[in-house]
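# Chains, contacts and geometry: an overview
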Amino acid sequence: MASQDALRYTRIPVAHGSGAAPAVGFGTLIPDPVVTKEATGTALQVGFRHLDCAERYRNEEAVGAAIQEAFKAGTLAREDLFVTTKLWNTNHRPERVKPAFEASLRRLQVDYADCYIIHTPFAFRPGEEFHPTDAQGKVAYDTGVTLLDTWRALERLVDDGRCRSIGLSDISLEKLREIVSAARIKPAMLQVESHPYLPEWELLEFCREHGIILQAFAALGHAMEPRLLDDPVITGIAKRVGKTPAQVALAWAVQRGSAFLTTSTNPSRIRENFDISALPADALQEIRDHIKTNVRFNAVVETGVPGFIPRTPQNGR
Ligand SMILES: NC(=O)c1ccc[n+]([C@@H]2O[C@H](COP(=O)([O-])OP(=O)(O)OC[C@H]3O[C@@H](n4cnc5c(N)ncnc54)[C@H](OP(=O)(O)O)[C@@H]3O)[C@@H](O)[C@H]2O)c1
């Protein structure tokens, strides 16, 4: 049905920037560069038009190569694509922001970024090492720079014209409020973990009020325990509407007004994750009312060190 299928082409206007961001996004957090290129190429072929990248993923070249192949094949033009990349924690010092941004654009082989995001609000000791540590082996933070200093440097990138919008990630509502009130150029995008086990309704409401796109990562629960895709509410709805549990979780994300990122290296799952259709209103309500599990899978918000938390019987996770 045409109106249902339109869900996958949803675009959310970028209130603080230009254009519109496809709500359906493909994340490129894939360790192997060869696999990254293949998966990104498949994602573009099946219809994904929003790519999420980061200098820390160390694979921007592979993503860039996949984009170039699509351009050469004539299947895609730059303006069809929304490319986001992220500033890593070791580059928060204002003088490091522009070089880091330009290096990302070079690796991605694009002239501009649709969105540039501060990967986490935690500044690490500047340098080439992505995860600097002190003498005790603990994370070496940089106390000589504030998040607002870094934000001001991102604002200047927008002024320069090669960055169309800027955003934040892994930040609390409290810190987000501070940046929103101080910013000359407001955040366009907020990338945070979110799925039916971590709906972040309060953040979503704040974003809605302030014209910020909430972009959910780990939209499928990162295939971790407790498995969102085995949740009886999700599987029950999937059976009823003739879609897969993943498609139910992703449709829910778009229909409640957020954008999402999902990642797969498996071509049929990449297609499945694009092939979403609108759920009936009662299914959306059922997810809201009947899912009681509340889990955060990624601890990055606490320390700035990304990582999905392994769940073992010992730590009860
Ligand atoms: N800002 C941040 O700090 C941050 C942190 C984490 C992630 N991210 C971004 O968000 C993106 C997505 O995050 P994520 O990888 O956690 O997302 P996710 O899609 O929730 O999890 C990916 C996992 O789910 C599996 N999967 C994918 N599609 C599936 C399907 N249809 N059915 C069953 N299993 C499926 C994948 O396995 P297969 O590959 O085997 O299909 C993979 O193990 C990342 O690539 C990155 O761009 C940002």
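Parameters at a glance
Residues numbered from 1 in each chain as written. Predicted model: local features only at pLDDT ≥ 70, side-chain atom pairs only at ≥ 80, totals over all residues. Heavy atoms only, no water. Helix = DSSP H or I, 4+ residues; strand = E, 2+ residues; numbered from the N terminus. Rg over C-alpha atoms; globule rule 2.2 N^0.38 Å. Buried < 20%, exposed > 50% of the residue type's maximum accessible area, 1.4 Å probe, protein only. Near = heavy atom within 4 Å. Polar contact = N/O pair within 3.5 Å; in protein donor to acceptor, adjacent residues only side chain to side chain. Areas by Shrake-Rupley, 256 points an atom, 1.4 Å probe, with all protein chains shown as cover. Nonpolar A, V, L, I, M, F, W, Y, C, P; charged D, E, K, R; others polar. Pairing = 2+ DSSP bridges. Axes fitted to C-alpha atoms, helices over the stretch in contact; angles between N-to-C directions. Contact = heavy atoms within 4.5 Å. Expected span 1.5 Å × (residues − 1). Right-handed = clockwise from strand over helix to strand, strands pointing away.

### Thoughts on the overall build of the chain
On a plain count of helices and strands, the chain comes out with 12 helices and 10 strands. Rg of the C-alpha trace for the chain: 19 Å, near the compact-globule value of 20 Å for 317 residues, within the 12% margin. When its C-alpha atoms are laid out on the principal axes, the chain stretches across 55 × 50 × 40 Å. Among the 317 residues that make up the chain, the fraction classed as buried is 54%.

### Focus: the site of the ligand
Taken together, 31 residues form the shell around the ligand, and within it D170, H222, T263, S264 and R269 come nearest. Take A218: an N or O atom from its main chain is 3.4 Å from an oxygen atom of the ligand. One of the backbone nitrogen or oxygen atoms of A219 is found 3.5 Å away from an oxygen atom of the ligand. Relative to its unbound accessible area of 920 Å², the ligand is 87% covered by the protein chains. Broken down by secondary-structure element, the contributors of at least two residues to the shell around the ligand are β10 (259-262) and α10 (267-274). Here the shell around the ligand takes three residues from α10, the largest share from any one element. By residue class, the composition of the shell around the ligand is 12 nonpolar, 14 polar and five charged.

### Some details on the sheet that holds strand β7 (residues 166-169)
Strand order in this closed barrel of eight strands is β3-β4-β5-β6-β7-β8-β9-β10, and the pairing throughout is parallel. This sheet shows a mean twist of 25 degrees between the axes of neighbouring strands, independent of strand direction. Against the sheet, helix α5 (residues 147-160) contacts β5 (82-87), β6 (115-118) and β7, and its axis sits at roughly 150 degrees relative to β7.

### Structural notes on the pairing of β10
Neither face of β10 is left uncovered, since the one carrying A259 and L261 and the one carrying F260 and T262 both have all their residues buried. As paired elements, strand β3 (residues 24-27) and β10 share three bridges and run parallel to each other. Bridging across to β10, V24 finds its partner in F260. Across two bridges, the pairing between strand β9 (residues 213-217) and β10 is parallel. Considered in β10, the bridge of A216 is made with F260.

### Some details on helix α2 (residues 33-46)
The first and last C-alpha atoms of α2 sit 20 Å apart over 14 residues, in line with the 20 Å expected at 1.5 Å per residue. Inspection of α2 places T36, A39, T40, G41, T42, A43, L44 and V46 among the buried residues, and these make up the whole buried set. Along its buried surface, α2 packs onto β3, β4 (50-52), α3 (60-73) and α10. Positive phi shows up at G47, right after α2, with a value of about 130 degrees.

### Some details on the pairing of β5
In terms of burial, β5 is largely enclosed, as six of its six residues are buried. Here three bridges tie β4 to β5, and the two strands are oriented parallel to one another. Considered in β5, the bridge of H50 is made with F82. In this fold, the crossover linking β4 to β5 by way of α3 has right-handed handedness. Where β5 and β6 come together, four bridges link them in parallel fashion. Bridging across to β6, K86 finds its partner in I117.

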